[in-house]
Amino acid sequence: MRLLIRPVLNLIRITAYPIRRMSSLSVAKPGVTKVGFIGTGVMGRSMCGHLIKAGYEVCMYNRTKEKMTPLVELGGKAMDSPAEVAKNSQVVFSILGLPSDVRSVVLGEGGVISSLAGDSVFVDMTTSEPSLAREIHDVASKKGVHAIDAPVSGGDIGAREARLSIMMGGDKAVIDSIMPLLQTMGQNIRHMGPAGSGQHTKMVNQILISTTMIGMVEGLIYGHKAGLDLNEVIKAVGAGAAGSWSINNYGPRILRRDFEPGFFVEHFIKDMKIALSEAQKMNLQLPGLKMALEMYQRLEAKGAGKKGTQALMLVLEEMNSCQVTGHST
């Protein structure tokens, strides 16, 4: 009996150890917690700015250094590398372009994980691959670093207004410790499950958006051809069952011929490819998503990869030999 009890007690001690470490994490506080931010582009600039305005000591890195200037003026500190950010932070956020960027910055030689101290937290807010999120979590855990995948939805408007939806995968105790930081950037903050679950949830989001965008531009071009005032159309349908974030936010931009990015076409194509790849692993057929990808690839081929996703209207206009404006004739 003695021989049986001792291995069981050893097992209990081993499994309990990480639980004790997780509960020892301090809750983030302005003026106390040192925060790092990597990627101050279209969305990251606003997100990082909210952290600075909330009173956190923030250091940051961006490949195009000029994009950090407004944040330096707010009180942030510009660094020369992701590693330098990690070495000076207890919690590091990143929001980058591609999974390859994430792998290089986070797992590469002299990257974020290798530069963080034990019990630090790394939060990747890039829309990326669920498998990469799990890999980052595993590599980080071996070093005693906590990793969370936390992609966001809401575009540049949501980032500016601190109304992002944040979908997280990882340990809940870690998420609870950084909740005050997340609340400076978003309102709908959800723990979706273990590592990779945040990215899987974002794929659901992107699948929903992909065909919604097709419906939006098709509806507007139909209204144009029918001779309707499309500003009034948006107000009418946007408040009903067909209402969506896309028609209420992107619809008016389209009517103003504003195709500047809240979210890049090329990044949306990346997301749809990830979603299709994950669907194939599950033996799923998603014809709507495949059609949306083909249409956006056609848009990218027109040189619009750096435009916003609402620029899909340009493809429909080309197909129908017309140009949509607010007041149709």
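Being a predicted model, the structure only gives us computed values, none of them experimental. (Residues numbered from 1 in each chain as written. Predicted model: local features only at pLDDT ≥ 70, side-chain atom pairs only at ≥ 80, totals over all residues. Heavy atoms only, no water.)

Quick word on the environment of Leu-255
Move 1: Here Leu-255 is to be found in helix 12 (residues 245-255).
Move 2: Taking the C-alpha atoms as reference points, Leu-255 and Met-216, 39 residues apart in sequence, are found 12 Å from one another.
Move 3: Those residues in contact with Leu-255, other than ones at most four positions away along the chain, are Leu-230, Asn-231, Ile-234, Val-324, Thr-325 and Gly-326. (Helix = DSSP H or I, 4+ residues; strand = E, 2+ residues; numbered from the N terminus. Contact = heavy atoms within 4.5 Å.)

Section: empty space enclosed by the protein
Move 1: Summed over the entire model, instances satisfying the criterion amount to 1 cavity of 30 Å³ or more.
Move 2: Looking at the largest cavity, its volume works out to about 70 Å³.
Move 3: Lining the largest cavity are Val-102, Asp-124, Ser-128, Leu-132, Ala-133, Ile-136, His-137, Ala-147, Ile-148, Asp-149 and Gln-199.
Move 4: Residue assignment for the lining of the largest cavity shows that the elements contributing at least two residues are helix 7 (130-142) and strand 6 (146-149).
Move 5: If you tally residues by element for the lining of the largest cavity, the top one is helix 7, at 4 residues.
Move 6: Along the lines of polarity and charge, the residues of the lining of the largest cavity split into 6 nonpolar, 3 polar and 2 charged. (1 Å grid on protein atoms, 1.4 Å probe; cavity = no way out; pocket = protein on both sides within 12 Å on 5 of 7 lines; lining within 4 Å. Points joined across faces, edges and corners; volume = space filled by probe spheres on them. Nonpolar A, V, L, I, M, F, W, Y, C, P; charged D, E, K, R; others polar.)

Re the side chain of Thr-33
Move 1: With respect to the helices and strands, the residue Thr-33 is situated in the loop between helix 1 (2-23) and strand 1 (34-38).
Move 2: Thr-33 gets classed as buried once you look at its relative accessible area, which sits at 9%.
Move 3: Polar contacts involving the side chain of Thr-33 include one to the main-chain amide nitrogen of Lys-29, which spans 2.9 Å. (Buried < 20%, exposed > 50% of the residue type's maximum accessible area, 1.4 Å probe, protein only. Polar contact = N/O pair within 3.5 Å; in protein donor to acceptor, adjacent residues only side chain to side chain.)

Some details on the pairing of strand 8 (residues 164-169)
Move 1: Counting buried positions along strand 8 gives 5 out of 6 residues, so the element sits mostly inside the fold.
Move 2: Two strands pair when backbone bridges link them, and strand 7 (residues 152-153) and strand 8 are joined in this way by 2 bridges, in the antiparallel orientation. Within strand 8, the position partnered with Val-152 by the bridge is Ile-166.
Move 3: Bridge count for strand 8 against strand 9 (residues 186-193) is 6 bridges, and the pairing is parallel. By the bridge assignment, Ser-165 is partnered in strand 9 with Asn-188.
Move 4: In terms of handedness, the path from strand 8 via helix 9 (residues 172-182) over to strand 9 forms a crossover that is right-handed. (Pairing = 2+ DSSP bridges. Right-handed = clockwise from strand over helix to strand, strands pointing away.)

Here we look at the side chain of Ser-89
Move 1: One can find Ser-89 in the loop between helix 4 (82-87) and strand 4 (91-94).
Move 2: Polar contacts involving the side chain of Ser-89 include one to the main-chain amide nitrogen of Gly-36, which spans 3.2 Å.
Move 3: Side-chain polar atoms of Ser-89 contact the backbone oxygen of Val-85, separated by 2.7 Å.

Focus on the pattern of salt bridges
Move 1: Taken as a whole, this structure holds 16 salt bridges when the rule is applied.
Move 2: Note that Glu-318 and Lys-302 form a salt bridge whose closest N and O atoms lie 3.2 Å from each other. One end of the pair, Glu-318, is in helix 15 (residues 313-320); the other, Lys-302, is in helix 14 (residues 287-304), and 16 residues separate them in sequence.
Move 3: Taking relative accessible area as the criterion, Lys-302 reaches 40% and is therefore assigned partly exposed.
Move 4: Through salt bridges with shared partners, a single network forms among Asp-156, Arg-160 and Arg-253. (Salt bridge = Lys/Arg side-chain N within 4 Å of Asp/Glu carboxyl O.)

Examining the confidence of the model for the protein
Detail in the predicted coordinates should be disregarded across regions flagged by low pLDDT.
Move 1: Residue-level pLDDT values for the protein average 92, and 92% of them are 70 or greater.
Move 2: Taken as a whole, residues 1-23 scores under 50 in pLDDT and shows 6 contacts with residues more than four places along the chain or in a different chain. (pLDDT = per-residue confidence, 0-100.)

Brief notes about the environment of Ala-195
Move 1: Inspection of the secondary structure assignment puts Ala-195 in the loop between strand 9 and helix 10 (197-225).
Move 2: Residue classification places Ala-195 among the buried residues on the basis of a relative accessible area of 17%.
Move 3: Residues Ala-195 and Asp-138 lie 57 residues apart in sequence; the distance between their C-alpha atoms is 8.9 Å.
Move 4: Beyond its immediate stretch of four places on either side in the chain, Ala-195 contacts Ala-133, Arg-134, His-137, Asp-149, Gly-169 and Gly-170.

As for helix 5 (residues 99-107)
Move 1: Every buried residue of helix 5 is accounted for by Pro-99, Asp-101, Val-102, Val-105 and Val-106. Taken down its axis, helix 5 places every buried residue within 150° of arc, on the same side.
Move 2: Of the surrounding secondary structure, the elements contacted by the buried residues of helix 5 are strand 1, helix 4, helix 6 (112-115), strand 5 (121-124), helix 7 and helix 13 (265-281). (Arc of directions from axis to C-beta.)

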